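# Inside the fold
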Amino acid sequence: MTAYTEEIRIQELQRAWMDEAINLATNSVANGGGPFGALVAKGSEIVAVGNNQVTATLDPTAHAEVSAMRAACKELGTFSLEGCVLITSCEPCPMCLTSALWARVDRILYCADRHDAAVAGFDDLKFYELFEKKPASLWPTPVEQLELPTRTAPFNAWLAKSDRVDY
Ligand SMILES: Nc1nc2[nH]cnc2c(=O)[nH]1
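Residues numbered from 1 in each chain as written. Predicted model: local features only at pLDDT ≥ 70, side-chain atom pairs only at ≥ 80, totals over all residues. Heavy atoms only, no water.

The chain is annotated in an unreviewed UniProt entry as Guanine deaminase of Streptomyces lavendulae subsp. lavendulae. What UniProt records for the chain under Sequence similarities (unreviewed entry) is the sentence "Belongs to the cytidine and deoxycytidylate deaminase family." (UniProt positions renumbered as here; feature names shortened; annotations may be inferred.)

Right under this line is the structure:
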């Protein structure tokens, strides 16, 4: 296989995965979920899929991407998605983007963006804008530090644990 045909193969695979993510998102609406779908792929294989289940499961963190990454970790038996790609029907919100960074995915591919989501009434864009505003203590949901002398005790315990599993 030449580099060119390999590139075409990868593009076709990505297109098929994105079509699948969009189908998951559309079906999610029909099944009572939010209009978002995502999947995690490794090599040429889909490891796991997910759709938005916030209202169905009473879980504000049950976004499509988080659901897909949770399922992928379970499937692979690991907390790291290194070597995997996250494909999502819509640009990840700040929570999902950070979750993907924590999961150490190799790459994220999305279709609709935060502006498309805003038209549908979702706050992804608003939250991205919030993160650009400082200080967070002045956000509509104030984020404030209560600085106690014991604040680093958990980290001290962590650093003293020789058999800790870093992530
Ligand atoms: N990308 C994305 N944005 C959202 N905004 C609200 N829910 C979701 C979701 O599941 N995925």
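## Section: the site of the ligand
If you check the shell around the ligand, you find Phe 36, Asn 52, His 63, Ala 64, Glu 65, Cys 90, Glu 91, Pro 92, Cys 93, Phe 122 and Asp 124 and nothing else. With respect to the ligand, the side chain of His 63 contributes an N or O atom lying 3.4 Å from a nitrogen atom. One of the side-chain N or O atoms of Asp 124 is found 2.6 Å from a nitrogen atom in the ligand. Across the shell around the ligand, the residue classes break down as six nonpolar, two polar and three charged. (Near = heavy atom within 4 Å. Polar contact = N/O pair within 3.5 Å; in protein donor to acceptor, adjacent residues only side chain to side chain. Nonpolar A, V, L, I, M, F, W, Y, C, P; charged D, E, K, R; others polar.)

## Examining the packing of aromatic side chains
This model, assessed by the stated rule, comprises four aromatic pairs. For the ring pair Phe 36 and Phe 122, a centre distance of 4.9 Å and an interplane angle of 80° mean the geometry is edge-to-face. Pair noted here: Phe 36 is in strand E1 (residues 34–42) and Phe 122 is in the loop between helix H5 (114–119) and helix H6 (124–132), with a separation of 86 residues, a long-range link. On the basis of relative accessible area, Phe 122 is assigned to the partly exposed category, the value being 31%. Taking the centre distance of 5.3 Å and the plane angle of 75° together, the rings of Phe 131 and Trp 139 count as edge-to-face. (Phe/Tyr/Trp six-rings, centres within 6.5 Å; stacked < 30°, edge-to-face > 60°. Helix = DSSP H or I, 4+ residues; strand = E, 2+ residues; numbered from the N terminus. Buried < 20%, exposed > 50% of the residue type's maximum accessible area, 1.4 Å probe, protein only.)

## Observations regarding the nonpolar core
Among the nonpolar cores identified, the biggest contains 18 residues, and Val 40, Met 69, Ala 72, Leu 81, Leu 86 and Val 105 are the most heavily contacted of them. Per-element tally for this core: the top contributor is helix H3 (residues 64–76), with five residues. Residues within four places of Val 40 in sequence aside, it is in contact with Glu 45, Ile 46, Val 47, Ala 48, Ala 68, Met 69, Ala 72, Leu 81, Cys 84, Val 85 and Leu 86. In this structure, Trp 17, Ala 21, Val 85 and Ile 87 belong to the second largest nonpolar core, which totals seven residues. (Core = buried A, V, L, I, M, F, W, Y, C linked by side-chain atoms within 4.5 Å. Contact = heavy atoms within 4.5 Å.)

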